Amino acid sequence: DDLEPWAEFDLIGETIEVVPKVVEENDVIQKQPPLRLQIVSRTVRCAGVGVDPLHPELGPIDIPKLLAEHFPQHGPYLGVYCVVDNDQAG
């Protein structure tokens, strides 16, 4: 939350924790441990989402190409890959 656009790229090589919401049902508090994610690399934006489902006749839009043209400092990347860190002791 509250990251600036493209700031996720600065997290590559870092480990972050996602803290689940505490849920209370029938006076029982259910608390899960945080989920640790290792941020490992950038991901190229999938070209498959470039088709408007309401107007497929318009043809695909090459989103990775547009990203590279309009945001050359970031290339065709939009997002990061993460690996779940099962070592909760760490």
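Just above sits the structure.
Report follows, based on the coordinates. Treat the numbers as computed from the prediction; the structure is a model and nothing was measured.

**Quick look at the sheet that holds strand β4 (residues 35–44)**
Now for step 1: Taken in spatial order, the 3 strands make up an open sheet running β1-β4-β5, and their pairing is antiparallel. Strand pairing shows two members of the sheet lacking a second neighbour, β1 (15–18) and β5 (77–85), which therefore form its edges. The mean angle between the axes of side-by-side strands here comes to 45 degrees, regardless of whether they run parallel or antiparallel.
Now for step 2: Pairing between β1 and β4: 4 bridges, direction antiparallel. Note on β4: the bridge partner recorded for Glu17 is Arg36.

**Let's talk about unusual backbone geometry**
Now for step 1: Phi is positive for Trp6, close to 75 degrees, though the residue is something other than glycine.
Now for step 2: If you trace the backbone, Trp6 turns up in the segment before β1.

**A short note on a nonpolar patch on the surface**
Now for step 1: On the surface, a nonpolar cluster with roughly 220 Å² of combined accessible area is contributed by Val18, Leu35 and Val84.
Now for step 2: Assignment of secondary structure puts Leu35 in strand β4.

**Let's talk about the packing of aromatic side chains**
Now for step 1: Counted according to the given criterion, the structure contains 2 aromatic pairs.
Now for step 2: A centroid spacing of 5.0 Å and a plane angle of 50 degrees characterise the contact between Trp6 and Phe71, whose relative ring orientation is tilted. Highlighted residues: Trp6 in the segment before β1 and Phe71 in the loop between α1 (63–70) and β5, separated in sequence by 65 residues.
Now for step 3: Classification of Trp6 by relative accessible area gives buried; the value is 18%.
Now for step 4: Three or more aromatic residues link up through ring pairs in this structure, and these residues are Trp6, Phe9 and Phe71.
Now for step 5: One Lys or Arg, Arg42, reaches over the ring of Phe9 and ends 4.1 Å from the middle of that ring.

**Quick notes on the side chain of Thr43**
Now for step 1: Its location among the elements puts Thr43 in strand β4.
Now for step 2: Classification of Thr43 as buried rests on a relative accessible area of 12%.
Now for step 3: Within the structure, the side chain of Thr43 is placed 3.1 Å from the side chain of Tyr81, a separation counted as a polar contact.
Now for step 4: Thr43 has contacts with Pro76, Tyr77, Leu78, Gly79, Val80 and Tyr81, leaving out every residue within four places of it along the chain.

**Focus on the pattern of salt bridges**
Close approach of charged atoms allows side chains of opposite charge to pair.
Now for step 1: One pass over the structure, following the stated rule, counts 2 salt bridges.
Now for step 2: A salt bridge links Arg36 to Glu17, with the shortest nitrogen-to-oxygen separation between them at 4.0 Å. In this pair, Arg36 is assigned in strand β4 and Glu17 in strand β1, connecting sequence segments 19 residues apart.
Now for step 3: The exposure class of Glu17 is partly exposed, given its relative accessible area of 47%.
Now for step 4: Close ionic contact of Arg36 with Asp85 constitutes a salt bridge, the shortest N to O distance being 3.1 Å. Taken as a pair, Arg36 in strand β4 and Asp85 in strand β5 lie far apart in primary sequence, 49 residues in all.
Now for step 5: Judged by its relative accessible area of 14%, Arg36 falls in the buried class.
Now for step 6: Linked by salt bridges that have partners in common, Glu17, Arg36 and Asp85 make up one network.

Conventions adopted
- Residues numbered from 1 in each chain as written.
- Predicted model: local features only at pLDDT ≥ 70, side-chain atom pairs only at ≥ 80, totals over all residues.
- Heavy atoms only, no water.
- Pairing = 2+ DSSP bridges.
- Helix = DSSP H or I, 4+ residues; strand = E, 2+ residues; numbered from the N terminus.
- Axes fitted to C-alpha atoms, helices over the stretch in contact; angles between N-to-C directions.
- Patch = residues over 30% accessible without salt bridge, like charges linked within 9 Å, V, L, I, M, F, W, Y side chains within 5 Å.
- Areas by Shrake-Rupley, 256 points an atom, 1.4 Å probe, with all protein chains shown as cover.
- Salt bridge = Lys/Arg side-chain N within 4 Å of Asp/Glu carboxyl O.
- Phe/Tyr/Trp six-rings, centres within 6.5 Å; stacked < 30°, edge-to-face > 60°.
- Buried < 20%, exposed > 50% of the residue type's maximum accessible area, 1.4 Å probe, protein only.
- Lys NZ or Arg CZ within 6 Å of the ring centre and 35° of its normal.
- Polar contact = N/O pair within 3.5 Å; in protein donor to acceptor, adjacent residues only side chain to side chain.
- Contact = heavy atoms within 4.5 Å.

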